[in-house]
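Summary of structural features
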Amino acid sequence: AAVAVGFMGSSALEHVDALLALLRDTFFELAPDALTVGGSRPRLPPECRSAKCAGCLALGRIVASGAASLDVERVAEEVARLLLDDHWEVRLVACEALGSMGDRARKHSSKVAALFDDPRHALRAPAAP
């Protein structure tokens, strides 16, 4: 549901607080299913396995839509906090969400740039210019 709300852009402003609450969700589906292990299908993306990732992605899309009445500073700050998450896929989605916010998240550019040194290549690449 969170991903769908994110696609609604500025029309979804009434749901921003609920999406911010998802950023504190701790569940992350780590267990692969038989089709993934067997190579029949790829693993689902992080936003399909974690409410925290889904909320983060949705908030990035809402900010990117240019919603004028949104407290972008607050939203970007909450998303940037996830750049320090223990789970690398959460850090990845937070990096992508801040990137989608563009200039509106520029205050957090040094936090994103810190991911250049992340041990995961999947994180270093999206953080690179």
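Going by the structure above, here's the rest.
These numbers come from a predicted model, not from an experiment.

A separate point is the nonpolar core. Ranked by internal contacts, the top residues of the largest apolar core, which has 37 residues, are Val79 and Leu98. If you list the elements that add at least two residues to this core, you get α1 (2–7), α2 (16–22), α5 (51–64), α6 (72–81) and α7 (88–101). For Val79, the contacting residues outside a window of four places in its chain are Leu23, Cys56, Leu59, Ala94, Ala97, Leu98 and Met101.

Our next topic: the side chain of Asp85. Structurally, Asp85 is set in the loop between α6 and α7. Exposure remark for Asp85: the relative accessible area of 18% places this residue in the buried category. At 2.9 Å, the side chain of Asp85 and the backbone nitrogen of His87 are in polar contact.

Counting across every chain of the model gives zero disulfides. Considering cysteine sulfurs only, Cys53 is the nearest to Cys48, which forms no disulfide, with 10 Å between them. Of all cysteine sulfurs, the one in Cys53 lies closest to Cys56, which takes part in no disulfide; the gap is 6.9 Å.

So, about the packing of α5 against α6. Their axes nearest at 10 Å, the elements α5 and α6 cross at an angle of 150°. The orientation of α5 with respect to α6, classified from their angle, is roughly antiparallel. As α5 packs across α6, the resulting crossing turns out to be left-handed. Counting all contacts with α5, which are made through Cys56, Leu59 and Val63, the residues of α6 involved are Val72, Val75 and Val79. Here the residues of the contact of α5 with α6 sort into six nonpolar, no polar and no charged.

Conventions adopted
Residues numbered from 1 in each chain as written. Predicted model: local features only at pLDDT ≥ 70, side-chain atom pairs only at ≥ 80, totals over all residues. Heavy atoms only, no water. Core = buried A, V, L, I, M, F, W, Y, C linked by side-chain atoms within 4.5 Å. Buried < 20%, exposed > 50% of the residue type's maximum accessible area, 1.4 Å probe, protein only. Helix = DSSP H or I, 4+ residues; strand = E, 2+ residues; numbered from the N terminus. Contact = heavy atoms within 4.5 Å. Polar contact = N/O pair within 3.5 Å; in protein donor to acceptor, adjacent residues only side chain to side chain. Disulfide = S-S within 2.5 Å. Axes fitted to C-alpha atoms, helices over the stretch in contact; angles between N-to-C directions. Parallel < 35°, antiparallel > 145°, perpendicular 65-115°, else oblique. Left-handed = near helix turned anticlockwise from the far one by under 90°. Nonpolar A, V, L, I, M, F, W, Y, C, P; charged D, E, K, R; others polar.

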